[in-house]
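Coordinate analysis (summary)
These are the residues of each chain, in order.
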Amino acid sequence: MNLLVSVRIALVALRVNALRSLLAMLGVIIGVGSVIVMVSVSSGAKQKVEEEIANIGANLLTVRAGDSSRRPRQQGEEPPSPLTDRDVAALRDEVPGLVAVAGYMRRNQPLVYGNANWTTGIIGADADYLEVRDWSVAEGRAFSDAEVRGGVKVALLGEKVREELFGDTSPLGSTVRIGAVPFDVIGVLDRKGESAWGSDQDDQVIVPITTARKRLFGRRVTVRDEVRLILAEAALPDQLDAVKSEMEAVLRARRKVPPGGEDDFYVRDATESVMARNETSSQLGLLLAATAGISLVVGGIGIMNIMLVAVTERTREIGLRMALGARRRDIRNQFLVEAVVLCLTGGLIGLAAGVLVTVVIARGGEFPVVIEPTIIALSVASSALVGMFFGLYPAHRASRLNPIDALRHE
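1. Observations concerning the overall build of the chain
Counting its regular elements, the chain contains 13 helices and 12 strands. The burial tally for the chain puts 43% of its 410 residues in the buried class. Expressed as a percentage of contacts within the chain between residues at least 6 apart in sequence, the contacts between residues at least 24 apart total 79%. Accessible surface, the chain as shown: approximately 21200 Å² in total, 57% of it carbon and sulfur.

2. Concerning the packing of aromatic side chains
Using the criterion set out here, one finds 3 aromatic pairs in the structure. Measuring from centroid to centroid gives 5.0 Å for phenylalanine 389 and phenylalanine 390, while their planes differ by 80 degrees, and the two rings are edge-to-face. Among the residues examined, phenylalanine 389 registers a relative accessible area of 62% and is labelled exposed. The cationic tip of arginine 107 hangs over the ring face of phenylalanine 217; the distance from NZ or CZ to the ring centre is 5.6 Å.

3. Details of the pairing of strand 3 (residues 98-113)
Strand direction decides the pairing type here: strand 3 and strand 11 (residues 229-234), joined by 6 bridges, are antiparallel. Residue pairing in the sheet places valine 101 in a bridge with alanine 232 of strand 11. Where strand 3 meets strand 4 (residues 116-125), 10 bridges bridge the pair, whose relative direction is antiparallel. From the neighbouring strand, methionine 105 faces strand 4, where its bridge partner is glycine 124. Hairpin connection of strand 3 to strand 4: 2 residues between the antiparallel strands, including glycine 114 at a positive phi of 60 degrees. Where strand 3 lies against strand 7 (residues 175-178), 2 bridges are found, and the strand directions are antiparallel. Each residue of the ladder has a partner; that of leucine 111, found in strand 7, is isoleucine 178.

4. A short note on unusual backbone geometry
Across the chain, the bulk of peptide bonds are trans and the bulk of non-glycine residues have phi less than zero. Positive phi, normally seen in glycine, also occurs at aspartate 134, with a value near 55 degrees. If you trace the backbone, aspartate 134 turns up in the loop between helix 4 (129-132) and strand 5 (137-140). Even without a glycine there, the phi angle at lysine 256 is positive, about 55 degrees. With respect to the helices and strands, the residue lysine 256 is situated in the loop between helix 8 (240-254) and strand 12 (265-269).

Definitions and limits used
Residues numbered from 1 in each chain as written. Predicted model: local features only at pLDDT ≥ 70, side-chain atom pairs only at ≥ 80, totals over all residues. Heavy atoms only, no water. Helix = DSSP H or I, 4+ residues; strand = E, 2+ residues; numbered from the N terminus. Buried < 20%, exposed > 50% of the residue type's maximum accessible area, 1.4 Å probe, protein only. Contact = heavy atoms within 4.5 Å. Areas by Shrake-Rupley, 256 points an atom, 1.4 Å probe, with all protein chains shown as cover. Phe/Tyr/Trp six-rings, centres within 6.5 Å; stacked < 30°, edge-to-face > 60°. Lys NZ or Arg CZ within 6 Å of the ring centre and 35° of its normal. Pairing = 2+ DSSP bridges.

Structure follows, in structure tokens:
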């Protein structure tokens, strides 16, 4: 009996007992579908993490004042001294592994242009900020170090801000009011998209930090040259740890932290939180993949049970085939093919269900997913292997029946 005939007979057997076959395939359907969904979501999450790291900026390190544990300050405890422009200059001059360093401050402020107004985040930053963030200007130019030192009232608009205030027209050369202060628009930033923390990076305006402190944030600044955050870019990814140690040494010396004392600042790799979140997602994905694997095993046990029932029901048929010249291996192969066809059918249904659920997740939840052809092929192959493994014993049992006893079976 050739393979094609065996497959045809297997399909007829599935059609005759359609409901029973569907129930037997349910574990395989759930297992394969779960694998497709979990792997697709996990791959999409990994891709999203890579995009978020690219959006944050290459080799980015951040410095904040305070305790890295961010514990609440105790009553009577002095707040940590803020970071300053002098700290920025010291890091720039004394840490050779850095290619760019920028101070940073941010506040929400209303913008007005003509009859249009829009409230957005105003970033005060040094001229190196765009280089640190790996951000370019789509139209116009960035402000210079001289403009930062001079506290010039110039602004770079995010794409979202440009759309809200100017529509499709170019804002270059226009004057917008931030609060009550007029600023000349000298550039429009490239689209950056959503940040790793869910905020729209295109919905903000960047101005020189000196201008921001003097004109916009003055009443909230505790030190004349205060910066709330320092952003620094290391030259190479494998130098991050060494550069981080050098930065900490420079800041300890500047802020007079005694040997063995607790730092009143902390330096952090900006990608750490993103990678930690990815690690959590990966562990959850492994757990769910293990659950999917259990579903496949349970489905395989169901297949074995159904095939044993089929052997019992078709004992007279087996005896008749043997009497007509069928060899034991023909009987074994017939039932083994039926088990494989049963699992493959369940696998294909599970594949279709998994792809459908994945598409729904992608569209409805706006969650990134990646359906890889390798996973599809692996899922189908796994369902076939489950059919072979759990169908082998029933097939062997069918092939070992005595033809005489089988013909006498009621």
